[in-house]
Amino acid sequence: MTQTTTIPGSLHPDTRLVHEGTLRSQFGETSEALFLTQGHVYATAEECASRFAGETGGFLYARFSNPTVTMFERRMAAFEGAEAARATATGMAAVTAALLGQLRAGDHVVSARALFGSCRYVVSEFLPRFGVASTMVHGPDLAAWRSAVRPNTKVFFLESPANPTLEVIDIAAVAEIAHAAGATLVVDNVFATPLWQKPFTLGADCVVYSATKHIDGQGRCLGGVILGSDAFIQAHIHTLLRQTGPALSPFNAWVLLKGLETLSLRVERQTRSAAQVADALAGHPKIARLIYPGRSDHPQADIIAKQMTGGSNLIALEIAGGKAAAFAFQNALSLIKISNNLGDAKSLITHPATTTHQRFTPAERAEMGVSDGLVRLSVGLEHPQDVIDDLTHALDRA
Ligand SMILES: Cc1ncc(COP(=O)(O)O)c(C=O)c1O
């Protein structure tokens, strides 16, 4: 490497998304280079030993250090306002490592109960297998977080807005309760995106993303990222990832780096379109309930005004008539695709009760707010009027 780009912190976030963290080789390439290599060679055995001992800098082995992955980590850290970041193969690898890295048998976790299905599995089924107890609470109920604390509580975990209900939690208030209990707060910020919510400014200790969603944003590859202070990453994350190996591939890091360059353009446009779609559908007789974080009728609109600077590209729609009506509605769409992903350039629709949350019992789904009539819409980059027309046409036909 001949040149590392570090952008002054005074420059605007969009500028940093384009330039921050670029490592240029001796060829001076414009676009970030794809270092598709497993390892590196050393001039001498002494140099190799010294790098492994951490006495000299440099890359070692792609399970834990690769130049393209490092560029992605640095750019994410700069945009999020974190000291450090570590990339992972998927969003679930990021969530699992962020929790496991801090926990030991005998510890206790308090978590919001409205979560993406795999996040809920990790907290309520996987961690207990290793002697880590968990208590699930109704996220907006601050008293419930307080009373769930035990002497051995080490970590609080939440998604806000939550997948798929878009339930919003007061992050600053929950961070305060966590810290008073001597615990850390981990926030899965996928639904808010790095644009509209900055959990570190609200007191979070760790932020995780599925980069598979808006950060790629074009349906190409999986990825995840864990962000925190240098001390947090060194104490809890670095060694776990290095020794257990859920590494992001350099190719995916390169795709995600290119995704970051256009992240704000895409998410701003998708959010503007989602707001138009939500307004156009609100009050439709076939929609029993519409939840959108950019509308004043969102149940936690006051908290959204405090902690988010934009809405979301996601809308939760409760179709009147339950599962049969939700299926008929999805089947009547033509432009909008039925798919369980989100944050994509293409508008996508999902029925969580039979996909992302199908492994739970009806009672557990009810507790999370995942009813049989609920569909989750991820608004893409199409012209918003075409999306609205497809939705209203399908509602009228279903
Ligand atoms: C809120 C949330 N967290 C984590 C994940 C997991 O991400 P990945 O599919 O990249 O493992 C998802 C995926 O939908 C999600 O919606």
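Refer to the structure above for everything that follows.
A look at unusual backbone geometry
Stage number 1. With an omega dihedral of -10°, the bond running from Ser160 to Pro161 counts as a cis peptide bond.
Stage number 2. With respect to the helices, strands and loops of the structure, Pro161 is situated in the loop between β6 (153-159) and α7 (171-180).
Stage number 3. Phi at Leu166 is positive, roughly 65°, even though this residue is not glycine.
Stage number 4. Position of Leu166 among the secondary structure elements: in the loop between β6 and α7.
Stage number 5. Positive phi, normally seen in glycine, also occurs at Thr193, with a value near 70°.

A word on the packing of helix α3 (residues 67-80) against helix α10 (residues 250-261)
Stage number 1. Contact pair α3 / α10: the axes reach a minimum separation of 8 Å and the direction vectors enclose 35°. As for the relative orientation of α3 and α10, their crossing is left-handed in sense. Where α3 abuts α10, its residues Thr68, Val69, Met71, Phe72, Arg75 and Met76 lie against Pro250, Ala253, Trp254, Leu256, Leu257, Leu260 and Glu261.
Stage number 2. Grouping the constituent residues of the contact of α3 with α10 by class yields 10 nonpolar, one polar and two charged.

Looking at a nonpolar patch on the surface
Stage number 1. Where nonpolar side chains cluster on the molecular surface, the patch consists of Leu34, Leu36 and Phe251 and spans about 290 Å² of accessible area.
Stage number 2. Inspection of the secondary structure puts Phe251 in helix α10.

Observations regarding the site of the ligand
Stage number 1. The ligand sits among 14 residues. The nearest are Gly91, Met92, Asp188, Ser210 and Thr212.
Stage number 2. Here an oxygen atom of the ligand and a side-chain polar atom of Asn163 are 2.9 Å apart.
Stage number 3. Here Thr212 contributes a side-chain N or O atom positioned 2.6 Å from an oxygen atom of the ligand.
Stage number 4. A total of 400 Å² of accessible area belongs to the ligand in isolation, and the protein chains cover 91% of it.
Stage number 5. The residue inventory of the shell around the ligand, partitioned by class, reads five nonpolar, six polar and three charged.

Observations regarding the environment of Leu202
Stage number 1. In this fold, Leu202 is placed in the loop between α8 (193-196) and β8 (206-210).
Stage number 2. You can call Leu202 buried: its relative accessible area is 16%.
Stage number 3. Along the primary structure Leu202 and Asp170 are separated by 32 residues, whereas in three dimensions their C-alpha atoms are 9.0 Å apart.
Stage number 4. Setting aside residues up to four positions removed in sequence, Leu202 forms contacts with Ile171, Ala172, Ala175, Gln197 and Gln307.

A few points about the environment of Gly245
Stage number 1. Within the secondary structure, Gly245 sits in the loop between α9 (230-244) and α10.
Stage number 2. By relative accessible area, Gly245 is classed as partly exposed at 30%.
Stage number 3. Along the backbone, Gly245 and Ala89 are 156 residues apart, and their C-alpha atoms lie at a distance of 9.1 Å.
Stage number 4. Residues in contact with Gly245, not counting those within four places in the same chain, are Arg63 and Leu240.

Things to note about the pairing of β6
Stage number 1. Of all seven residues that make up β6, six are buried, and the element is covered over most of its length.
Stage number 2. Here four bridges tie strand β4 (residues 108-112) to β6, and the two strands are oriented parallel to one another. Directly across from His108, in β6, lies its bridge partner Thr153.
Stage number 3. Taken together, the five bridges between β6 and strand β7 (residues 184-188) define a ladder with parallel strand orientation. Bridge pairing links Glu159 to Asp188 in β7.
Stage number 4. On the question of chirality, the crossover connecting β6 to the parallel β7 by way of α7 is right-handed.

Rules used in this analysis
- Residues numbered from 1 in each chain as written.
- Predicted model: local features only at pLDDT ≥ 70, side-chain atom pairs only at ≥ 80, totals over all residues.
- Heavy atoms only, no water.
- Helix = DSSP H or I, 4+ residues; strand = E, 2+ residues; numbered from the N terminus.
- Axes fitted to C-alpha atoms, helices over the stretch in contact; angles between N-to-C directions.
- Left-handed = near helix turned anticlockwise from the far one by under 90°.
- Contact = heavy atoms within 4.5 Å.
- Nonpolar A, V, L, I, M, F, W, Y, C, P; charged D, E, K, R; others polar.
- Patch = residues over 30% accessible without salt bridge, like charges linked within 9 Å, V, L, I, M, F, W, Y side chains within 5 Å.
- Areas by Shrake-Rupley, 256 points an atom, 1.4 Å probe, with all protein chains shown as cover.
- Salt bridge = Lys/Arg side-chain N within 4 Å of Asp/Glu carboxyl O.
- Near = heavy atom within 4 Å.
- Polar contact = N/O pair within 3.5 Å; in protein donor to acceptor, adjacent residues only side chain to side chain.
- Buried < 20%, exposed > 50% of the residue type's maximum accessible area, 1.4 Å probe, protein only.
- Pairing = 2+ DSSP bridges.
- Right-handed = clockwise from strand over helix to strand, strands pointing away.

The values reported here are purely geometric and, on their own, carry no functional implication.
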